[in-house]
Amino acid sequence: MTTTALQAEKTTGAKLIDGKAVALKMRATQRARVEALQAKGITPGLAVVLVGDDPASAIYVSRKVKACEAVGIKSVSYRHPTTITNEELLVLIGKLNADPNIHGILVQLPLPAHIDMAKVLETIAPEKDVDGFHLYNVGALVVGRQIFPPCTPYGVMHLLEYSDIPVEGRNVVVVGASNIVGKPMALMLMARDATVAICHAKTRDLGQWTILADILVVAAGVPNLIVPQMVKTDAVVIDVGINRLPDGRIVGDVDFEGVRKKASYITPVPGGVGPMTIAMLLENTIQSAERQASGEPA
Ligand code: NAD
């Protein structure tokens, strides 16, 4: 644990887990790994596919592309209007699968309604599926053989480890049960011997679950869903939510000012889990190129 990453509050209250600082720190190592690959004639390549003109998706994609540049990963963007057909998208993915210079393929979600998202994700070669959404990778996660762990929960695990927060045997409550965050998060925590409960929109009396959590991970997409009376004293609170308020502010799912007085650790939004998602995408892409370099099967 370093003072740059965990800034202890002067008064009582939670320590901030500074995801931005942790992600930046990881970059030095990632850059060195990319240089080592380049010395062997391999530049890690990431294909980023964006369909449509969703402004939030465009921002996420540009952040990912910038982060690639910062560590020396070559990113290639494929931007398509919503008029692209299912078949055209599948053909593009087929080409990227066959391209030896591409080590990772990322299709930015959500996709327009006419596109068969499941089919698209299953067409990505599992050994290039750096987002970890292919059924093969999901299955591998279930049986504890991670190939590419999904980036956001992988980032949360990294933050917990970096902050020396033990997981084994602790009560963890995950709020949100999506395929991309909540479910893989719960699986990763279970793989580390936590006792995990998953809550979702149909959970009755959410607070009676969250109050039991030594570690509370919230990924619901609902501002102020978690208020202090729902949080156990000294809990670790990880806020995955990203919500834009009508006044333009970006907030998480947790009442940050209230909960920080009660928790032992808390992630801010922005600057907590978000930067780690990108850091783990870089991690997976570099790892994919390293596997190729060593001739190792995925
Ligand atoms: P989703 O809409 O696919 O899933 C939301 C989940 O939360 C569902 O399981 C739903 O049942 C549950 N939920 C909704 N309202 C609830 C309530 N009132 N009480 C309890 N559970 C409730 O969303 P997602 O893709 O999993 O994303 C969740 C949030 O995390 C969003 O704010 C999203 O923007 C954010 N997100 C952040 C990152 C990051 O890098 N920080 C990455 C992915 C998603």
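Rules and cut-offs
- Residues numbered from 1 in each chain as written.
- Predicted model: local features only at pLDDT ≥ 70, side-chain atom pairs only at ≥ 80, totals over all residues.
- Heavy atoms only, no water.
- pLDDT = per-residue confidence, 0-100.
- Contact = heavy atoms within 4.5 Å.
- Axes fitted to C-alpha atoms, helices over the stretch in contact; angles between N-to-C directions.
- Helix = DSSP H or I, 4+ residues; strand = E, 2+ residues; numbered from the N terminus.
- Parallel < 35°, antiparallel > 145°, perpendicular 65-115°, else oblique.
- Nonpolar A, V, L, I, M, F, W, Y, C, P; charged D, E, K, R; others polar.
- Salt bridge = Lys/Arg side-chain N within 4 Å of Asp/Glu carboxyl O.
- Buried < 20%, exposed > 50% of the residue type's maximum accessible area, 1.4 Å probe, protein only.
- Phe/Tyr/Trp six-rings, centres within 6.5 Å; stacked < 30°, edge-to-face > 60°.
- Lys NZ or Arg CZ within 6 Å of the ring centre and 35° of its normal.

Predicted coordinates in regions of low pLDDT should not be interpreted in detail. Taken over all residues, the pLDDT of the chain has a mean of 95, while the share at 70 or more is 95%. Of the regions scoring below 50 in pLDDT, residues 6-11 engages in 12 contacts with residues more than four places distant in sequence or in other chains.

Right, let's get into the packing of helix H1 (residues 19-39) against helix H6 (residues 151-162). When two helices pack together, you describe them by how their axes are tilted relative to each other and by the distance separating the axes. At a minimum axis distance of 11 Å, the contact between H1 and H6 shows a crossing angle of 95 degrees. In this view, H1 runs roughly perpendicular relative to H6, as classed from their interaxial angle. Residues Gly-19, Val-22, Lys-25 and Met-26 of H1 pack against His-158, Leu-159 and Tyr-162 of H6. Here the residues of the contact of H1 with H6 are counted per class, giving 4 nonpolar, 2 polar and 1 charged.

So, on to the pattern of salt bridges. For the structure shown, the criterion picks out 6 salt bridges. The partner of Arg-33 in a salt bridge is Glu-290, and the shortest N-O contact between them spans 2.8 Å. Here Arg-33, found in helix H1, pairs with Glu-290, found in helix H10 (residues 273-294); they are 257 residues apart in sequence, far enough to count as distant. Since its relative accessible area comes to 21%, Arg-33 is described here as partly exposed. Taking relative accessible area as the criterion, Glu-290 reaches 27% and is therefore assigned partly exposed. Between Arg-249 and Asp-247 there is a salt bridge, with the nearest N and O atoms lying 3.1 Å from each other. Asp-247 sits in the exposed class, given a relative accessible area of 54%. Each of Arg-33, Glu-283 and Glu-290 takes part in one network of salt bridges that share partners.

Before going further, it helps to examine the packing of aromatic side chains. Using the criterion set out here, one finds 0 aromatic pairs in the structure. Directly above the aromatic system of Phe-148 lies the positively charged group of Arg-291, at a separation of 4.8 Å from the ring centroid.

Another aspect to go through is the environment of Lys-119. With respect to the helices and strands, the residue Lys-119 is situated in helix H4 (residues 117-123). Lys-119 sits in the partly exposed class, given a relative accessible area of 43%. A C-alpha to C-alpha distance of 23 Å links Lys-119 and Tyr-60, two positions 59 residues apart in sequence.

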